[in-house]
Amino acid sequence: MAKDRDVKHIAISGNIASGKTTLTEMLSRHYGWKPILEPVDDNPYLEDFYADMHRWAFHLQIYFLNHRFKQVKDIRVDGVPSIQDRTIYEDAHIFAKALHESGYIKSRDYANYLDIYESMVSLVEPPDLLVYLQADIPRLVSQIQKRGREYENAIRLDYLKNLNRHYEDWISNYSAGNLLVVNVNDIDFVTNDGDFSDIVQRIDRELFGLFSK
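Just so we're clear, the structure is a prediction, and the values are computed from it rather than from any experiment.

A word on the sheet that holds strand 3 (residues 82-85)
Pairing within the open sheet is parallel, and its five strands lie in the order 2-3-1-4-5. Of all strands in the sheet, those bounded by a partner on one side alone are strand 2 (34-36) and strand 5 (178-183). Between one strand axis and the next, the sheet turns through 20° on average, direction left out of account. Packed onto the sheet, helix 3 (residues 53-78) meets strand 1 (9-14), strand 2 and strand 3 and runs at close to 170° relative to strand 3. Here helix 8 (residues 193-208) sits on the sheet and contacts strand 1, strand 4 (129-134) and strand 5; the angle it forms with strand 5, its principal contact strand, is near 165°.

Some remarks on the nonpolar core
Ranked by internal contacts, the top residues of the largest apolar core, which has 68 residues, are Ile10, Ile16, Leu27, Phe49, Val131, Tyr159 and Ile203. When residues in this core are grouped by element, the largest group, nine residues, is from helix 3. Sequence-distant contacts of Ile10, that is, excluding residues within four places in its chain, are made with Trp33, Ser82, Ile83, Gln84, Leu129, Val131, Ile203 and Leu207.

Calculation criteria
Residues numbered from 1 in each chain as written. Predicted model: local features only at pLDDT ≥ 70, side-chain atom pairs only at ≥ 80, totals over all residues. Heavy atoms only, no water. Pairing = 2+ DSSP bridges. Helix = DSSP H or I, 4+ residues; strand = E, 2+ residues; numbered from the N terminus. Axes fitted to C-alpha atoms, helices over the stretch in contact; angles between N-to-C directions. Contact = heavy atoms within 4.5 Å. Core = buried A, V, L, I, M, F, W, Y, C linked by side-chain atoms within 4.5 Å. Buried < 20%, exposed > 50% of the residue type's maximum accessible area, 1.4 Å probe, protein only.

Written out as structure tokens, the structure reads:
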């Protein structure tokens, strides 16, 4: 369990298939904190989006933005220590931005989206610790193929590369709170207890100034 009652919110960020959901679930079990997962299986737009990105990009991003705002608001209102899969910041600074630059979201819609985002983000607090899972493209492609979600077969390589570029730009300028970068290219925290233990120790050091035993 956490040693500091003021620490309530760890957020896991990273590109598609970087391991966010798995790490969120593993950390929630380790700390005894509530997992706050990204809506995937019950997302009404995701499959349509990958089939026709021009038509559904704006709808998908509004759905994610609204859902994430509710998540982060509930974390602070409920006061329950939580591990969150992806942040509200990524919705705007990574995905909506990349989709706009690629022509999938029109400028008028993008401006409207950013107005909504700025209103929302002014009402929420950043996570106590942001953990960024850094992965190169071959690692992401391998993980996408391994998990075998049919709709993800339509993900274009250039789209994945563009997202990675935006992630690196965003992380290099992140200043909202504590940040921990974990390069996952050469580790396997799912099957290797040592790799997971190393991540936990680094998180404990950032949040509580100690190593876990």
